[in-house]
Amino acid sequence: MRIALIHALRHSPPPIEAAFAQLWPEARLMNLLDDSLSADLARDGGITEAMTGRFLNLARYAKATGADGILFTCSAFGPCIEAVQRELSPMPVLKPNEAMIEEAEAIGGRIGLLASFAPTLQSMPPEFPTSLTVTPKLAEGALAALDRGDGPEHDRLAAQAAGALADCDVIALAQFSLARAAPAVATATGKPVLTTPESAVRKLRRLLG
């Protein structure tokens, strides 16, 4: 079973690869990275038609290699991924956060949404069902710390920001790159923590395993 992983941040491959190694080691992975996508989104301030075309081209390439399913790993590009889902149906094409949102819905209550990439806090909350109360929080400086190779500082800033979500029932980590901070966030809040990589692997394995 070949799963194509398509990334817009260079920090995304390690956490999803670790989740597959733990939860579905038999899957064969391929990685496609275009880290200019996140930079262009920040520059343009929103999704463009050209950006959607780039996502379609990446997905078409992945399908041509023989991929059985595709997982996108950057949560700020929902409309682009939806265009891919429409074109490649019935192939499983997952948004990075859809499986985690489903698991959050099963838990219910108040969801603390922690992100390290600001555009995610605009695009992702509307994807949650209206039955849930979502409280967004940006871990300011965390992604910049990871960019300069300071993982411990990234985790500290994530845990510090998560402290503001301690009255929520569950903490959802919006970026794949945030998954490494899950233990620190759990310690800081005392709450269950959902990560996008683990939730996504569980769903893909149900669909394809």
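Relevant structure appears above.
Residues numbered from 1 in each chain as written. Predicted model: local features only at pLDDT ≥ 70, side-chain atom pairs only at ≥ 80, totals over all residues. Heavy atoms only, no water.

Peer 1: Describe the packing of helix α2 (residues 36-44) against helix α3 (residues 49-64), naming the residues involved and giving the relevant values.
Peer 2: Interhelical geometry of α2 versus α3 gives an angle of 165 degrees and a closest axis separation of 11 Å. Taken together, the axes of α2 and α3 lie roughly antiparallel to each other. Handedness of the crossing formed by α2 with α3: left-handed. Within the contact between the two elements, α2 uses Ser 36, Leu 37, Asp 40, Leu 41 and Asp 44 and α3 uses Met 51, Arg 54, Phe 55 and Leu 58. (Axes fitted to C-alpha atoms, helices over the stretch in contact; angles between N-to-C directions. Helix = DSSP H or I, 4+ residues; strand = E, 2+ residues; numbered from the N terminus. Parallel < 35°, antiparallel > 145°, perpendicular 65-115°, else oblique. Left-handed = near helix turned anticlockwise from the far one by under 90°. Contact = heavy atoms within 4.5 Å.)

Peer 1: Lay out the packing of aromatic side chains with the relevant residues and their values.
Peer 2: With the rule as written, the count across this model stands at three aromatic pairs. Within the aromatic cluster, the residues linked to one another by ring pairs are Phe 55, Phe 72 and Phe 77. (Phe/Tyr/Trp six-rings, centres within 6.5 Å; stacked < 30°, edge-to-face > 60°.)

Peer 1: Give a detailed account of the pattern of salt bridges, specifying residues and quantitative values.
Peer 2: Under the defined criterion, the tally for this structure stands at 13 salt bridges. In this structure, the salt-bridge partner of Arg 54 is Asp 40, at a minimum N-O distance of 2.9 Å. Pair noted here: Arg 54 is in helix α3 and Asp 40 is in helix α2, with a separation of 14 residues, a long-range link. With relative accessibility at 15%, the residue Asp 40 sits in the buried group. (Salt bridge = Lys/Arg side-chain N within 4 Å of Asp/Glu carboxyl O. Buried < 20%, exposed > 50% of the residue type's maximum accessible area, 1.4 Å probe, protein only.)

Peer 1: Lay out the sheet that holds strand β7 (residues 170-173) in plain terms, naming residues and giving numbers.
Peer 2: In spatial order, the strands read β6-β5-β7-β8; together these four strands make up an open sheet with parallel pairing. Looking at the sheet topology across the chains shown, the edges are occupied by β6 (133-138) and β8 (193-195). On average, each strand axis in the sheet is inclined to that of its neighbour by 25 degrees, with strand direction left out of account. Across six bridges, the pairing between strand β5 (residues 110-115) and β6 is parallel. Residue pairing across strands places Gly 112 opposite Thr 135, the latter belonging to β6. Helix α10 (residues 196-208) rests against β7 and β8 of the sheet, and its axis sits at about 65 degrees to β8. (Pairing = 2+ DSSP bridges.)

Geometric values such as these leave the question of function open.
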